[in-house]
Amino acid sequence: MAEVNDVELQNQYNNAKALVNSIECLTKNSDKAKTLQRAAKRFEALGGYADSEEMATKCRTEAENYSKMEDNLPPAPKNPMDLKKPSKVSTWLLRIVVLLVIVGIIGFFYTRQTNHGAYMRSSFYENIGNHEKAYKMFLHLKDYRDSEKRYINNRYQHGVEQLKAKNYEKARDAFREIRDYKDSGDKLATCEINLLKKTKKHGDILFGEAHWVVAEKKKDKAFLIKTKPIPGIAYNTTDDKVTWESCSMREYLNSSYMNDTFTDAMKDSIIKTKVIVKDNKEFGTKGSTTKDKIFMLNEDQAYKYGADLNLFLRDYWLIGPGETQREAQFVSYGQVKESGYPVNDRYINTRPCMWVKIK
């Protein structure tokens, strides 16, 4: 499932970058300084998203530099009588300059305002190896000629460059939108595993199509719990006696959910874990033992990691049985309800969790 906030943040980030790029069209240093100050404010509004803080600082610095520069406009004559009548040579030179300016304006309009012109400029950036600028320009050309194909290839090349430079966040952002192209899915997994290595315990990490809290971290693996619960999924689709081993939730998490959320390389990094579901200590209902890649928290884990999950105070399922085999335990406002709730209820949310290899 894609996170809506990430799409909105990326759009705002792209708009800020476009504003920075627009100074190429400005001639006055004072105008460039004002434009960069506006861009800095937009990046600051994005907080810690991607490299927004770094970009805001860079824009502020460049704006200050431009503000110190003069616009180098020719001074007006002190006395109109000082102006001399231009010679024939000067007149012809002036005409040539005016003609060149007109040609330049036409060329500027052509390359900036027409698809063919923009296509030519995109191709130029591709040829000089500026794949980031090339893919962003090809993106806006949509179906013009082979723009879509070249957009994907340039975005891939940009991702490869960033991955080689160990700029994992930029590489991840490049590969995320083209994960089915060549080996982008594998490279995306490499980026996210490396970012996971650097994320501290209790931190938030984007892995696959969801955000996760790093609840535990060991030398070679990390325990992730989905930050925002999934609504509308029953522990079991029917009102039957079930255990974790036989319930439909287990099947869903380890098939449809896993396939929709992670690339093949990411799925390979998820550890198949021995999941021991204890009998309900109060009511004696039976648990089970399975091996799963994705599962849910048990009663002890709900209390252990509760502080990391309070951002979204929603009822969510636990893996253990309730008072009968037709009920499963759940958490409500941070408290475990051992008697449980009917397994076919769809108003209780789901928090997947998993161990991921980070070596």
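Everything below is about the structure printed above this text.
Because the structure is a prediction, the values reported are computed rather than measured.

Draft legend 1. Here's a closer look at the sheet that holds strand E9 (residues 353-357). Strands sit in the order E1-E2-E3-E9 across an open sheet of four strands; the sheet is antiparallel. Because the sheet does not close on itself, it has two edges, and the strands there are strand E1 (204-207) and E9. Taken pair by pair, the neighbouring strands of this sheet meet at an average axis angle of 45°, ignoring direction. Bridge analysis of strand E2 (residues 210-217) against strand E3 (residues 221-226) gives five bridges, and the strand direction is antiparallel. Among the inter-strand pairings, valine 213 is bridged to a residue of E3, identified as isoleucine 225.

Draft legend 2. Fine view of the sheet that holds strand E8 (residues 335-342). Taken in spatial order, the three strands of this open sheet run E6-E7-E8, and their pairing is antiparallel. Since the sheet does not close on itself, it has two edges, and those belong to strand E6 (316-321) and E8, each with one partner. Adjacent strand axes in the sheet meet at a mean angle of 40°, parallel and antiparallel pairs treated alike.

Draft legend 3. Quick peek at the nonpolar core. Leu224 and Trp244 are the most contacted members of the largest nonpolar core, which has 61 residues in total. Apart from the residues within four sequence positions on either side, leucine 224 is in contact with Leu196, Ile205, Phe207, Trp212, Val213, Val214, Pro352, Cys353, Met354 and Val356. If you look at the next biggest cluster of nonpolar residues, it comprises 17 residues, including Tyr13, Ala40, Ala63 and Tyr66.

Draft legend 4. Main features of the side chain of arginine 351. On the secondary structure map, arginine 351 appears in the loop between E8 and E9. Notably, arginine 351 is buried but unbridged: the nearest opposite-charge side chain belongs to aspartate 204, and the N-O separation is 9.5 Å. Polar contacts involving the side chain of arginine 351 include one to the main-chain carbonyl oxygen of threonine 227, which spans 2.7 Å. Of note is the side chain of arginine 351, whose polar atom sits 3.2 Å from the backbone oxygen of leucine 309.

Draft legend 5. Seen up close, the pairing of E8. With five bridges connecting them, strand E7 (residues 327-332) and E8 associate as antiparallel partners. Within E8, the position partnered with phenylalanine 330 by the bridge is lysine 337.

Draft legend 6. The arrangement of helix H10 (residues 248-261) in detail. Taking 1.5 Å as the rise per residue, H10 with 14 residues should run 20 Å; its terminal C-alpha atoms sit 18 Å apart, in good agreement. Remark: the principal bend of H10, roughly 25°, maps to asparagine 254. Among the residues of H10, those classed as buried are Ser248, Met249, Leu253, Ser255, Tyr257, Met258 and Thr261. Where H10 is buried, its residues touch E2, E3, helix H11 (264-269) and E6.

Draft legend 7. Structural detail: the pairing of E3. The element E3 is largely enclosed, with a buried count of five among its six residues. Here E2 folds back onto E3 in antiparallel fashion, the turn holding three residues. Pairing between E3 and E9: five bridges, direction antiparallel. The residue bridging alanine 222 from the neighbouring strand is valine 356, located in E9.

Draft legend 8. Main features of a nonpolar patch on the surface. Nonpolar side chains collect at one region of the surface, where Val89, Leu93, Ile96 and Leu100 lie side by side and expose about 400 Å² of accessible area between them. Relative to the helices and strands, leucine 93 resides in helix H4 (residues 88-113).

Draft legend 9. Just the packing of aromatic side chains, in detail. A complete count under the given rule lists 16 aromatic pairs for this structure. Relative to tyrosine 125, the ring of phenylalanine 124 has its centre 5.4 Å away and its plane inclined at 65°; by these criteria the two rings are edge-to-face. For tyrosine 125, a relative accessible area of 14% corresponds to the buried category. Taken together, the aromatic side chains of Phe223, Phe295, Tyr305 and Trp355 make up a single cluster linked through ring pairs.

Draft legend 10. Molecular detail of the packing of helix H5 (residues 115-127) against helix H7 (residues 147-164). With their axes 12 Å apart at the nearest point, H5 and H7 run at an angle of 25° to one another. On the basis of their axis angle, the class for H5 and H7 is roughly parallel. In this structure, H5 crosses over H7, and the sense of that crossing is left-handed. Counting all contacts with H5, which are made through Tyr119, Ser123 and Glu126, the residues of H7 involved are Ser147, Arg150 and Asn154.

Draft legend 11. Quick look at the pattern of salt bridges. The tally for this structure, following the rule as stated, stands at 20 salt bridges. Aspartate 292 is the salt-bridge partner of arginine 250, the closest N and O atoms lying 2.7 Å from each other. Of the two residues, arginine 250 sits in helix H10 while aspartate 292 sits in strand E5 (residues 288-292), which places them 42 residues apart along the sequence. Take aspartate 292: its relative accessible area is 3%, and that puts it in the buried class. The partner of lysine 281 in a salt bridge is glutamate 299, with the nearest N and O atoms 3.6 Å apart. Of this pair, lysine 281 sits in the loop between strand E4 (273-277) and E5 while glutamate 299 sits in helix H12 (residues 299-304), and the two are 18 residues apart along the sequence. A relative accessible area of 65% places lysine 281 in the exposed class.

About the thresholds
- Residues numbered from 1 in each chain as written.
- Predicted model: local features only at pLDDT ≥ 70, side-chain atom pairs only at ≥ 80, totals over all residues.
- Heavy atoms only, no water.
- Pairing = 2+ DSSP bridges.
- Helix = DSSP H or I, 4+ residues; strand = E, 2+ residues; numbered from the N terminus.
- Axes fitted to C-alpha atoms, helices over the stretch in contact; angles between N-to-C directions.
- Core = buried A, V, L, I, M, F, W, Y, C linked by side-chain atoms within 4.5 Å.
- Buried < 20%, exposed > 50% of the residue type's maximum accessible area, 1.4 Å probe, protein only.
- Contact = heavy atoms within 4.5 Å.
- Lys, Arg positive; Asp, Glu negative; His and termini not counted.
- Salt bridge = Lys/Arg side-chain N within 4 Å of Asp/Glu carboxyl O.
- Polar contact = N/O pair within 3.5 Å; in protein donor to acceptor, adjacent residues only side chain to side chain.
- Expected span 1.5 Å × (residues − 1).
- Bend = angle between axes of the 7 residues up to and from the residue.
- Patch = residues over 30% accessible without salt bridge, like charges linked within 9 Å, V, L, I, M, F, W, Y side chains within 5 Å.
- Areas by Shrake-Rupley, 256 points an atom, 1.4 Å probe, with all protein chains shown as cover.
- Phe/Tyr/Trp six-rings, centres within 6.5 Å; stacked < 30°, edge-to-face > 60°.
- Parallel < 35°, antiparallel > 145°, perpendicular 65-115°, else oblique.
- Left-handed = near helix turned anticlockwise from the far one by under 90°.

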